[in-house]
Amino acid sequence: MTGVSLLAVGFSGAGADAEPQTPPTEQQLADYIAAGVKQAGPVANSGSACTSGSGAGSGNGSGDCYGGSGSSSGLSGGYASDTKGYGPPMTSWLAAFGYGLLNPDVAPPGANDWNCKPTADHPRPVILVHGTWMNAYNGFAYMGQPIKDAGFCTFTFNYGRSNLLQGGGLGSILPGTMGTGYIQDSAKQLATFVDRVLAATGASQVDIVAHSQGGSMSNWYTKFEGGAAKVHNLITYGATHHGTSLDGIGALGRAINNFGIDVLGLVEIFVGHSGIQQTIGSDFVNQLNANGDTVPGIDYTIVGTRYDEVTNPYGLTFLQAGPGAQVTNITLQDGCEQDLSDHLTMMYSPRALSIALRALDPVGHPNLECTFNPWLMGGGGSL
């Protein structure tokens, strides 16, 4: 309550006799939290700094904190795994999510044909990167096969697999819940997987299609794990490139932490390391964008939806092009108001799929589709 009161005072700043202030917009709140009202130095015993609580050396068991909140056990932040077999194609996100929970290791249709060789028309393999609390299957059960059918060698894997003791949060109890470990660890796992794909296909670069955390994690890979020269297209959907307020909850928690009360340490127990790292103003988000949004040589296609209930304000997903980079920011509903896709169902939207295909092959797939796609359920353009 103290943190909430201080936050309110920080916005209003006026005495009781002053005229009422206009309530801040969500974007103003995001900007405020992103700027960070941090005091000078760690908060004693808060567990929110690497030198306090049990957070010291908790990042991956090697002494790296990664902005840990003190709730980590000091074990590794997670591991990656290959898929085994295939799941069925799905047009509904809700159905795919359920199937993925019960069959956590299957690949989405169209992915992981290790005998596939790129062609002159499609010289780069495509790597599909799932988001937080999801897996390779339910992230791409709709998009996987059409991208393969368009002529691309398509690959995917499960990253950030961690249990409750490793800081994966309560969600990690479910067998199909991935992407819960430290994002920096996951980026290293992606680096290893990319090198495997390049070796198997003989290609010199890959294209990446990524959802949610998968986008910001892939962005980290290009900046800090040697991926800049190995990625040509980075296509992201609802990615947490600049963090998220989680409908204001994450932003408020970050603000309270900045005032010295470690509420995010408690929340991390429930949502896992990667969930906390993706809040606005986290050490991860700040470092990710400290030297600009992009790296030279990569073409970025960044897709957001107005109905995103996870990455919001949804404009935080968009990037600003730096030197040598090209950025195309797309709001899913621009030119297609009937697409009601939210954070999860956008991966089951025909329009979103057509955006990916156009970015991968603008000559072969120049047109964007526009169909109704339901919120929450997702239906591949229908109910």
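Presented here is an overview of the structure given in this document. Just so we're clear, the structure is a prediction, and the values are computed from it rather than from any experiment. (Residues numbered from 1 in each chain as written. Predicted model: local features only at pLDDT ≥ 70, side-chain atom pairs only at ≥ 80, totals over all residues. Heavy atoms only, no water.)

A word on the state of the cysteines
- Within the structure shown, the criterion is met by two disulfides.
- Put simply, Cys-116 and Cys-153 are joined by a disulfide, and their sulfur atoms are 2.0 Å apart. Of note, the bridge from Cys-116 to Cys-153 carries an S-S torsion of about -80° and is left-handed in sense. Linking Cys-116 in the loop between α3 (93–102) and β2 (126–129) with Cys-153 in the loop between α5 (144–149) and β3 (154–156), this pair joins segments that are 37 residues apart in sequence. The residues Cys-116 and Cys-153 share a single accessibility class, namely buried.
- For Cys-336, the disulfide goes to Cys-370, at an S-S distance of 2.1 Å. In this structure, the disulfide formed by Cys-336 and Cys-370 twists by about 100° around the S-S bond and is classed as right-handed. Placement of Cys-336 in the loop between β8 (326–331) and α12 (350–360) and of Cys-370 in the segment after α12 is noted, with a sequence separation of 34 residues between them. (Disulfide = S-S within 2.5 Å. Helix = DSSP H or I, 4+ residues; strand = E, 2+ residues; numbered from the N terminus. Buried < 20%, exposed > 50% of the residue type's maximum accessible area, 1.4 Å probe, protein only.)

Section: the nonpolar core
- Formed by 34 residues in total, the largest nonpolar core has its most connected members in Ile-127, Val-129, Leu-190, Val-206, Ile-208, Tyr-221 and Tyr-300.
- Among the secondary structure elements, those contributing two or more residues to this core are β2, α6 (183–201), β5 (206–211), α7 (213–224), β6 (231–237), α11 (283–288) and β7 (299–304).
- Among the elements that line this core, the one with the most residues is α6, at eight residues.
- The contacts of Tyr-300, once residues within four sequence positions are left out, are Asn-219, Leu-234, Thr-294, Val-295, Leu-319, Ala-325, Gln-326, Val-327 and Thr-328.
- With 32 residues, the next largest nonpolar core counts Trp-93, Ala-141, Tyr-142 and Ala-356 among its residues. (Core = buried A, V, L, I, M, F, W, Y, C linked by side-chain atoms within 4.5 Å. Contact = heavy atoms within 4.5 Å.)

Overview of the sheet that holds β6
- Read from one edge to the other, the open sheet built from six strands follows the order β3-β2-β5-β6-β7-β8, with strand pairing classed as parallel. A single partner strand is all that each edge strand has here, and the edge strands are β3 and β8. Adjacent strand axes in the sheet meet at a mean angle of 15°, parallel and antiparallel pairs treated alike.
- In the sheet, β6 pairs with β7 via five bridges, with the strands oriented parallel. Pairing of Leu-234 across the sheet is with Tyr-300, part of β7.
- The strands touched by α7 are β2, β5, β6 and β7; relative to β5, the strand with the most contacts, the crossing angle is about 145°.
- The strands touched by α12 within the sheet are β2, β5, β6, β7 and β8, with β6 carrying the most contacts at an inclination of about 170°. (Pairing = 2+ DSSP bridges. Axes fitted to C-alpha atoms, helices over the stretch in contact; angles between N-to-C directions.)

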